Amino acid sequence: RTFLAKTKKWERGACDTIEIVIPPLHWRTFEYREKERGRDWFWAVGIICFSSAVSAILLNNALFGILILIGGGTVMLYAVRKPRKIDVEVSDKGIVSGRELYPFESLESFWVEEDPAYPRILLKSKKFFLPLISVSIENMPTDIVRQYLLEHIPEKEIHESIFETLFNYLGF
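Residues numbered from 1 in each chain as written. Predicted model: local features only at pLDDT ≥ 70, side-chain atom pairs only at ≥ 80, totals over all residues. Heavy atoms only, no water.

Trainee: Please explain the side chain of Ser109 as it appears in this structure.
Mentor: Inspection of the secondary structure puts Ser109 in strand E7 (residues 107-113). The residues touching Ser109, leaving out its near neighbours within four places in the chain, are Leu122, Leu123, Lys124, Ile153, Pro154, Lys156 and Ile158. (Helix = DSSP H or I, 4+ residues; strand = E, 2+ residues; numbered from the N terminus. Contact = heavy atoms within 4.5 Å.)

Below, the structure written as structure tokens:
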């Protein structure tokens, strides 16, 4: 795997140029935080989906009822899936998380959340459909990540939306 190196040049006179190559930051982390879900959680999701689907069918909207059942099944299948280990790299080009590259040109700002249990970078994107990106920081000092990112995008306090907080509380 090749990394994009960051270079800085300092001129020390008429013909002396010193070039220092600063390597990108790299670490491995899980793609998301695994949550422990008991049988009760699955029963609750199943009952809510089934009753919603039956209600939709009784209201002569069978297609919506089928869509609810498919969505509920998908949520339950995703809930039992174990998170994969992914590579995260911060370089001059942007942030690579897994297979996704987030170029600095597409990011407005960042915030490093220093929760001891789950440190992560919150990135505010300029894209409408992906406004907030969360990247876990594992085995990497948060102050080094912050200094590296400050050279490319501004730091601004960012918090998850109320919906994301609610979904995390409900176990999604």
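Once the structure has been displayed, the description carries forward.
Trainee: I'm lost on the sheet that holds strand E6 (residues 100-103) in this one. Help?
Mentor: What holds strands together in a sheet is hydrogen bonding between their backbones, with the strands either parallel or antiparallel. With antiparallel pairing, the four strands of this open sheet are ordered in space as E3-E4-E5-E6. Of all strands in the sheet, those with a lone pairing partner are strand E3 (25-30) and E6, marking the two edges. This sheet shows a mean twist of 15° between the axes of neighbouring strands, independent of strand direction. As paired elements, strand E4 (residues 85-90) and strand E5 (residues 94-97) share three bridges and run antiparallel to each other. What sits directly across from Val90, in E5, is Ile95. Most of the contacts of helix H3 (residues 142-150) go to E3, to which it runs at about 125°, and overall it touches E3, E4 and E5. (Pairing = 2+ DSSP bridges. Axes fitted to C-alpha atoms, helices over the stretch in contact; angles between N-to-C directions.)

Trainee: Sorry if this is basic, but what is going on with the nonpolar core here?
Mentor: Side chains of a nonpolar character, in soluble globular proteins, are inclined to be buried together. The biggest cluster of nonpolar side chains holds 21 residues, and the ones touching the most others in it are Trp27, Val90, Leu107, Ile121, Leu123, Val145 and Leu149. At the level of secondary structure, the elements contributing two or more residues to this core comprise E3, E4, E7, strand E8 (120-125), strand E9 (132-136) and H3. When residues no more than four places from it in sequence are discounted, the contact partners of Trp27 are Ile86, Asp87, Val88, Val90, Ile121, Val135, Ser136, Ile137, Glu138, Met140 and Val145. Of all hydrophobic cores here, the second largest spans six residues; its members include Trp41, Val45, Cys49 and Ala79. (Core = buried A, V, L, I, M, F, W, Y, C linked by side-chain atoms within 4.5 Å. Buried < 20%, exposed > 50% of the residue type's maximum accessible area, 1.4 Å probe, protein only.)

Trainee: I'm lost on the sheet that holds E7 in this one. Help?
Mentor: On the basis of which strands lie adjacent, the open sheet formed by three strands has the order E7-E8-E9 and antiparallel pairing. Looking at which strands have only one partner, the edges of the open sheet turn out to be E7 and E9. Mean inter-strand twist for the sheet, computed between neighbouring axes without regard to direction, equals 20°. As paired strands, E8 and E9 are joined by five bridges and run antiparallel to one another. Residue pairing for E9: Ile121 is matched across the bridge by Val135. Along the sheet, H3 makes contact with E7 and E8, crossing E7 at roughly 165°.

Trainee: How do you make sense of a nonpolar patch on the surface when you look at a structure like this?
Mentor: Taken together, the side chains of Ile162, Phe163, Leu166, Phe167, Tyr169 and Leu170 present a nonpolar region at the surface, about 730 Å² in accessible area. Relative to the helices and strands, Leu170 resides in helix H4 (residues 162-170). (Patch = residues over 30% accessible without salt bridge, like charges linked within 9 Å, V, L, I, M, F, W, Y side chains within 5 Å. Areas by Shrake-Rupley, 256 points an atom, 1.4 Å probe, with all protein chains shown as cover. Salt bridge = Lys/Arg side-chain N within 4 Å of Asp/Glu carboxyl O.)

Trainee: I'm lost on the pattern of salt bridges in this one. Help?
Mentor: Charged atoms that come close allow side chains of opposite charge to pair. Considering all chains together, one arrives at 10 salt bridges under this definition. When the shortest N-O distance is used, the salt bridge between Glu113 and Arg120 registers 3.0 Å. Classification of Glu113 as partly exposed rests on a relative accessible area of 22%. In this structure, Arg146 and Glu155 form a salt bridge, with 2.8 Å as the shortest nitrogen-oxygen distance. Relative accessible area serves as the criterion here: at 16%, Arg146 is assigned to the buried category. Overlapping salt bridges, with partners in common, bring together Glu31, Arg81 and Arg84 in one network.

The values reported here are purely geometric and, on their own, carry no functional implication.
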